[in-house]
Amino acid sequence: MLEISARKVGQVAMMARELGRAEGELRAFIDRMSEDEQAELVAIMWIGRESFEAEDLAEAIRTAKAEATIPCADYLLGSPHLSDHLENGLDALGISAEDVENDLL
């Protein structure tokens, strides 16, 4: 079970598409997350870009915690296609990214 809510992941994905105007807000949003939530967010992104399989979520989270050397927001914002990878990661975990984002609108 994830500590981070699908809603938070959806918010990050939506804000990532609007980086030109929302970067400061996105950084603050990620910085307010717990360490566990940040690691889970990174793990979901990794699953979405196919660095890990969905069934390896626990391993991806452990790896994200072990390899965290820079602030999470810096790492994520430096990742090309962040919103796509987060949406794909949610979908791979059986959570409809489209439904989550529609609920946020």
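Predicted model, so just to flag it, every value in this text is computed and none were measured.

Caption draft 1: Local environment of the overall build of the protein. Within the protein one finds 7 helices and 0 strands. Ordered by position in the sequence, the α and β elements of the protein form the string α-α-α-α-α-α-α. What you see for the protein is a C-alpha radius of gyration of 12 Å, in line with the 13 Å of a compact globule of 105 residues. Referenced to the eigenvectors of the C-alpha coordinate spread, the extents of the protein come out at roughly 35 × 30 × 25 Å. For the protein, the residues scored as buried account for 43% of the 105 residues in total. Long-range pairs, those at least 24 residues apart, make up 70% of the contacts in the protein between residues at least 6 apart in sequence. Carbon together with sulfur atoms contributes 46% to the accessible area of the protein, which is approximately 5,900 Å² in total. Positive and negative side-chain charges of the protein, numbering 9 and 23 respectively, have mean locations separated by a distance of 6 Å.

Calculation rules
- Residues numbered from 1 in each chain as written.
- Predicted model: local features only at pLDDT ≥ 70, side-chain atom pairs only at ≥ 80, totals over all residues.
- Heavy atoms only, no water.
- Helix = DSSP H or I, 4+ residues; strand = E, 2+ residues; numbered from the N terminus.
- Rg over C-alpha atoms; globule rule 2.2 N^0.38 Å.
- Buried < 20%, exposed > 50% of the residue type's maximum accessible area, 1.4 Å probe, protein only.
- Contact = heavy atoms within 4.5 Å.
- Areas by Shrake-Rupley, 256 points an atom, 1.4 Å probe, with all protein chains shown as cover.
- Lys, Arg positive; Asp, Glu negative; His and termini not counted.
- Charge placed at Lys NZ, Arg CZ, Asp CG, Glu CD.

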